[in-house]
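Each chain is listed here by its residues.
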Amino acid sequence: MSVKAKTSEKSETLNFSADVSRLLNIVANALYTNHDVFLRELISNAADACDRLRYDSIQNPDLIKDNPNFRIHIYKDTATRTLTVVDNGVGMSHDELVENLGTIAKSGTAALMEKMKDAKDPLKLIGQFGVGFYASYMVADKVTVTSRKAGSDEVWIWESDGRTGFTVREAAAEESKILDGARGTAVTLHIKDEGSEFLIDEKTKHTIQTYSDHIDVKIFQNKPEETAAGQGKPVNSASAIWMRPKSEVTPEQYTEFYKHITHGFDEPLLTSHWHAEGKIEFNALLFIPTLRPWDLYDPGRKNAVRLYVRRVFISDSIDGLVYPWLRFVRGVIDSQDLPLNISRESLQFNPVIGKIRASVTKRILGDLEKLSRDDPPGFITFWGQFGAALKEGLYDAAEHRPDLFKVCRFFSTHENGEKHVSLDDYVSRMKPDQKDIYYISGESLDMLRNAPQIEGFKSRGLEVLFFTDTIDDFWLQQVHDYQGKKFKSVTKGDIELSAPEEKDKKKDSVPAEHERLIKELKIHLGDEINDIRISRRLTDSPVCLVAPEGGVDMHMERVLKIHQKYQGETRPVLEINPGHSLIKKMAAMAEGGTTGEDMKDAAFLLLDQARIIQGQPLKNPAAFTRRMTAFMERGLS
Ligand code: ADP
Ligand code: MG
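Residues numbered from 1 in each chain as written. Chains lettered and ligands numbered in written order. Predicted model: local features only at pLDDT ≥ 70, side-chain atom pairs only at ≥ 80, totals over all residues. Heavy atoms only, no water.

### Things to note about the overall build of the protein
Secondary structure assignment for the protein yields 23 helices and 22 strands. A compact globule built from 637 residues would reach a C-alpha radius of gyration of about 26 Å, whereas the protein, at 33 Å, exceeds it by more than 25%. Viewed in the frame of its principal axes, the protein has a C-alpha envelope of about 110 × 60 × 40 Å. Pairs at least 24 residues apart make up 72% of the contacts formed inside the protein by residues separated by at least 6 positions. Accessible surface, the protein: about 29700 Å² in total, of which carbon and sulfur atoms supply 50%. Within the protein, the 96 negative side-chain charges are centred at a point lying 3 Å from the centre of the 85 positive side-chain charges. (Helix = DSSP H or I, 4+ residues; strand = E, 2+ residues; numbered from the N terminus. Rg over C-alpha atoms; globule rule 2.2 N^0.38 Å. Contact = heavy atoms within 4.5 Å. Areas by Shrake-Rupley, 256 points an atom, 1.4 Å probe, with all protein chains shown as cover. Lys, Arg positive; Asp, Glu negative; His and termini not counted. Charge placed at Lys NZ, Arg CZ, Asp CG, Glu CD.)

### Re the nonpolar core
Phe328, Ile333, Leu368, Leu390, Trp475 and Phe487 are the most contacted members of the largest nonpolar core, which totals 79 residues. With 8 residues, helix α11 (residues 351-374) is the single largest residue contributor to this core. Setting aside residues up to four positions removed in sequence, Leu390 forms contacts with Trp325, Leu326, Phe328, Leu365, Phe382, Trp383, Leu404 and Val407. One finds Val27, Leu53, Phe166 and Ile215 within the second-largest nonpolar core, a separate group that totals 55 residues. (Core = buried A, V, L, I, M, F, W, Y, C linked by side-chain atoms within 4.5 Å. Buried < 20%, exposed > 50% of the residue type's maximum accessible area, 1.4 Å probe, protein only.)

### Observations concerning empty space enclosed by the protein
Summed over the entire model, instances satisfying the criterion amount to 3 cavities of 30 Å³ or more. In this structure, the largest cavity encloses a volume near 180 Å³. As for the largest cavity, its lining consists of 17 residues, of which Ser441, Gly442, Leu448, His555 and Gln614 are closest to the centre. Those elements that provide at least two residues to the lining of the largest cavity are β16 (437-441), α16 (445-449) and α20 (554-562). With 3 residues, the single largest contributor to the lining of the largest cavity is α20. (1 Å grid on protein atoms, 1.4 Å probe; cavity = no way out; pocket = protein on both sides within 12 Å on 5 of 7 lines; lining within 4 Å. Points joined across faces, edges and corners; volume = space filled by probe spheres on them.)

### Let's talk about the pattern of salt bridges
For the structure shown, the criterion picks out 38 salt bridges. Between Glu197 and Lys203 there is a salt bridge, and its shortest N-O distance comes to 3.7 Å. Asp601 serves as the salt-bridge partner of Arg627, at 2.9 Å between the closest nitrogen and oxygen. One end of the pair, Arg627, is in helix α23 (residues 621-636); the other, Asp601, is in helix α22 (residues 596-613), with 26 residues separating them in the sequence. For Asp601, a relative accessible area of 9% puts it in the buried group. (Salt bridge = Lys/Arg side-chain N within 4 Å of Asp/Glu carboxyl O.)

### Overview of the packing of aromatic side chains
Under the counting rule described, the total for this entry stands at 27 aromatic pairs. Taken together, Phe405, Phe410, Tyr439, Phe467, Trp475, Tyr482 and Phe487 form an aromatic cluster joined through their ring pairs. Above the ring of Tyr323, the side-chain terminus of Arg357 is found at 5.1 Å from the ring centroid. The positively charged end of Arg634 is found above the aromatic ring belonging to Phe631, 4.9 Å away from the centroid. (Phe/Tyr/Trp six-rings, centres within 6.5 Å; stacked < 30°, edge-to-face > 60°. Lys NZ or Arg CZ within 6 Å of the ring centre and 35° of its normal.)

### A few points about the sheet that holds strand β20 (residues 531-534)
As summarised here, the arrangement of the 3 strands in space is β20-β22-β21, forming an open sheet in which the pairing is mixed. Looking at which strands have only one partner, the edges of the open sheet turn out to be β20 and β21 (543-546). Neighbouring strand axes in the sheet, compared pairwise and without regard to direction, differ in orientation by 25° on average. The pairing of β20 with strand β22 (residues 573-576) spans 4 bridges and is classified as parallel. Across the sheet, residue Asp531 finds its bridge partner in β22, namely Val573. Sheet strands touched by α22: β21 and β22. Its angle to β21, the strand with the most contacts, is close to 65°. (Pairing = 2+ DSSP bridges. Axes fitted to C-alpha atoms, helices over the stretch in contact; angles between N-to-C directions.)

### Description of the packing of α22 against α23
In helix packing, the relevant descriptors are the interaxial angle and the interaxial distance, both defined with respect to the helix axes. Two numbers describe how α22 lies on α23: the axes approach to 10 Å, and their chain directions differ by 115°. Relative to α23, the element α22 is oriented roughly perpendicular. By crossing handedness, the relation of α22 to α23 is classed as left-handed. Residue-level contacts link Asp598, Lys600, Asp601, Ala602, Phe604, Leu605, Asp608 and Ile612 of α22 to Phe624, Arg626, Arg627, Met628, Phe631 and Arg634 of α23. (Parallel < 35°, antiparallel > 145°, perpendicular 65-115°, else oblique. Left-handed = near helix turned anticlockwise from the far one by under 90°.)

### Side note on the sheet that holds strand β11 (residues 282-289)
Reading across the sheet, the 5 strands line up as β10-β11-β14-β12-β13 and stay open at both edges, with mixed pairing between neighbours. One side of each edge strand has no neighbouring strand; the edge strands of this open sheet are β10 (268-276) and β13 (312-315). Each strand of the sheet is rotated relative to its neighbour by a mean of 20°, with strand direction disregarded. Sheet analysis places β11 next to strand β14 (residues 330-335), joined by 6 bridges and oriented antiparallel.

### Some thoughts on the domain arrangement of the protein
Taken domain by domain, the protein holds domain 1 (3-235), domain 2 (243-375), domain 3 (410-489) and domain 4 (500-636). Computed from C-alpha coordinates alone, the two centres of domain 2 and domain 4 are separated by 53 Å. (Domains from an automatic or database assignment.)

### Description of unusual backbone geometry
In this structure, Ala238 is a non-glycine residue whose phi angle is positive, near 50°. With respect to the helices, strands and loops of the structure, Ala238 is situated in the loop between α8 (224-228) and α9 (251-262). By relative accessible area, Ala238 is classed as buried at 17%. Phi is positive for Glu415, close to 55°, though the residue is something other than glycine. Judged by its relative accessible area of 44%, Glu415 is partly exposed.

### Describing α23
Relative to the 22 Å expected for 16 residues at 1.5 Å per residue, α23 spans 22 Å between its end C-alpha atoms, a close match to the ideal helical length. Every buried residue of α23 is accounted for by Ala623, Phe624 and Arg627. All buried residues of α23 fall inside an arc of 100° around its axis, so they share one side. Exposed residues on α23 whose side chains face more than 90 degrees from its buried face are Ala622, Glu633 and Leu636. (Expected span 1.5 Å × (residues − 1). Arc of directions from axis to C-beta.)

### Description of the packing of α11 against helix α12 (residues 376-390)
Running from N to C, α11 and α12 point in directions that differ by 140°, and their axes come no closer than 7 Å. It follows from the interaxial angle that α11 and α12 lie oblique. When you trace α11 past α12, the crossing you get is left-handed. Together, Leu365, Leu368, Leu371, Ser372, Arg373 and Asp374 of α11 and Pro376, Gly378, Phe379, Phe382 and Leu390 of α12 make up the contact between the two elements. A per-class count over the contact of α11 with α12 returns 7 nonpolar, 2 polar and 2 charged. (Nonpolar A, V, L, I, M, F, W, Y, C, P; charged D, E, K, R; others polar.)

In structure tokens, the structure reads:
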């Protein structure tokens, strides 16, 4: 909120909101090598303003009757040391000037400020977030904004030295002449010493060309009245890059366009540019970034692909244009089929949008699959940044699941979780008699690598996939198999493991001494667990916990509870390893008639260690410590 300090009839002085002041402080004091970005921001605002008016004028052609051609002028005045950026776009009213240039309305700003506080390199963050208009203060010590909203006859002037506040006043007739005709905005920068290079035309020209070649609005380096008199040529090519044939666009131009729309410093990891024809017709130029945006998992994050209809910008937040699980994709889609005179809100229900979405999804997944073959390290970078988001699609979009599975990567017992594997890799390594795809899900790779439940699989050479993303437990509820092979949790149910190395031993019959032990354990642990049985999964550890067949898998239960999708509590099954010396000793104890407190303490210690190893909280840590101490004392004496 801006605070009103002083009001005269036509001029008022207002304070910046606190976050703007802090931002300005950082920007103005930045010893920043990349000063050019201020111009990129101002041009992008000017082009946005033209885009918006172009859209509004579809409904109301009178708005542009003074001049149907949109254009931007950027010129210097060495005498006054000023650089002025003029557009004949939509313009701003008094209230819009106060609101747009006095506060930061963008939702991400709070998060930006928070991060900036303890960032090593806050300027890098500015690059990622984009400081927009305020970047002007990198090169200017005073900025004057003159603006006339299209369709209004009032001209207002906003002015600030970028310190504590700004003034807004009505413009005199003479002052209004800076505008290009009867609408739009002029931003005049009073250049400080650090910005002197921008008073040299060649420097500005070069900057405009690097940042704005693809901008669909002509940019001139003279005054509007000079252009009107037929002087000067535009300095940019002013053609929408996405409409050009691929062969005419250089990699540098793609990268610059990417930076223009993302305000980012990273390079695109993947660029997809194509023209779709047939049932629906559109041009698309889409990018996958190299770096994950800070708010990828913010539930409020919307897709940011810009929708154009026959070169007219419509919106960069059309729900349903791309799937939420592709929300990291940036770029432009320009449709030939959508009507222009339709409200942005109703667009999301237009069937054309759904068709574009399906086609775009297929293309992106296809290109990712190609990337995985052509550039495996590049693909793994992608997977590390966006894999978890992409997997939401397994849950969300059944029709794209086969294509999604082709690009999903997981860790597994193969190479001990050091290497990403695909499901096809997994299938190719399956044993001849193996029917299922085994997996274990849990908090971290380290925990899963050491999970007792996978011991028996490893010793038999059966590969187990490691699932560590929360989303894994969700898609596993929807997806039951891959190419007819069931996904089977190794921490659930009684798994039939063929046991070649145990073939001499009697199968399925529980030896008498173990039967006795199981009976004793059940007496003490009966309330805590569902069952106790001899394990086939264990080779090294004495015990482990698994979910009963038909129950909810243990890690899944925890994840679902955190997300409040599940209330119940499944009591686990305790499995014991008959080959382990501790279990043998306890069986002997049970056989020898040790019951009561000693057996109870041992039983609970067994159960608690099984809980600990899979990262579950202990139900009664005090009791655990007491028992542990008692056993240690005995052991040490
Ligand atoms: P952003 O462009 O990301 O919204 P900026 O700080 O660059 O952030 O601009 C803030 C707002 O000021 C814009 O959203 C727009 O509403 C308004 N604005 C800035 N420049 C212009 C302009 N030349 N014409 C019309 N409105 C503008
Ligand atoms: Mg902007």
